[in-house]
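Survey of secondary and tertiary structure
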Amino acid sequence: MPIDRVIAHNNRTGWGSLTESGLRLDSFPMKLFAKGNKKFWNPAEIDFSQDAADFAAMTDDERRMTLVLASQFMAGEESVTQDLQPFCAAMAAEGRLGDESYLTQFIFEEAKHMQSFRMWFNAIGQSADLHSNVEYSSAYDTIFKQELPNSLFALLEDPSPANQIRASVTYNHVVEGTLALTGYFAWARVCASRGILPGMQKLIKLIGDDERRHMAWGTFTCRRHVAADDKNWEVVDERMQELLPPALQLIVALFDQFENEGRETPFGISIDEMSDYALDKVNRRLTSIESARGQDVYAIDEDYSPMDMEDKFGSEDEDKIKEALAVPA
């Protein structure tokens, strides 16, 4: 953009979409924006009536596990809806109109996910306070009350590449990639294998599809900064090493509430499977980010490989679930 045209918030001297290059529709963020526009869905169209009957038929431990999983997701969706907003400002400060545009869709989708879970709780008759389903875990507080907001709101004061990386690793690669998508995979295994909660089955498939676009943007954002400055790879690696222990502890705590009392984990969910799933996806995304070292940063801006990788992960998940269903109980 010409130096006499600025699109920074509260300091506008021009419009990015009116410049000679215009709004670059072939950039990766705008392709994600277009992909999301094609996949719009309305939570009000999901039927949760059978879910209410299935929930009522569960054992006490099964209901406890279900409420904890759903509560953690709903609170998490609320957190990310609020905490992503500083990233929009950071993209404005950098003059990245395409990224800023995509993040508006990103935030909208997170708010819709929060709404969807609340509608599900209402449908199954759970209107009481749900805080106990998240506050038993100190690791949950560490991630969602400290690390997530602190790393994102730091962008308001300093939207530097290093801070953008810390924010993206926290939000996209830990909260979404390590925790949320791992949890959605567990939901899919539980619901499909038992043939229960058809509304939740549909919901997690729709949300998971949104989250994969979010993850792709996070990988892309880290890749472009690593390509621009090789030292930024150290920032990626360092932040991930800081957050993996509490993230994995959050997963462990989900199982401890049953195992510490000598009870089997409901639905046969395996802590090893969940942990292995999370670490496998994290390592493959980190490999993608590291591969950007030494690459042309301008080529990164149109590289669709982060979304291709997430689509591959989605296909792999569907195959694993089908394989599990084919095994006799």
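Structure first, text after, so check above.
First things first, this report covers the structure right here in the doc. (Residues numbered from 1 in each chain as written. Predicted model: local features only at pLDDT ≥ 70, side-chain atom pairs only at ≥ 80, totals over all residues. Heavy atoms only, no water.)

Let us now look at the side chain of Arg224. Along the chain, Arg224 falls in helix H9 (residues 198-228). Overall, Arg224 belongs to the buried group, its relative accessible area being 6%. Of note is the side chain of Arg224, whose polar atom sits 2.8 Å from the side chain of Glu94. In this structure Arg224 touches Met91, Glu94, Arg96, Gln164, Val297 and Ile300, once residues within four positions along its chain are discounted. (Helix = DSSP H or I, 4+ residues; strand = E, 2+ residues; numbered from the N terminus. Buried < 20%, exposed > 50% of the residue type's maximum accessible area, 1.4 Å probe, protein only. Polar contact = N/O pair within 3.5 Å; in protein donor to acceptor, adjacent residues only side chain to side chain. Contact = heavy atoms within 4.5 Å.)

A few words now on the environment of Val282. Topologically, Val282 is positioned in helix H11 (residues 271-290). The class of Val282 is buried, set by a relative accessible area of 3%. For the pair Val282 and Leu181, spaced 101 residues apart in sequence, the C-alpha separation works out to 11 Å. The residues contacting Val282, other than those within four sequence positions of it, are His173, Thr178 and Met240.

Here the focus is the environment of Leu155. Topologically, Leu155 is positioned in helix H7 (residues 138-157). On a C-alpha basis, the gap between Leu155 and His131 in space is 29 Å, while along the polypeptide they are 24 residues apart. Excluding its chain neighbours within four sequence positions, the residues that come into contact with Leu155 are Pro86, Phe87, Ala90, Asn163, Gln164 and Ala167.

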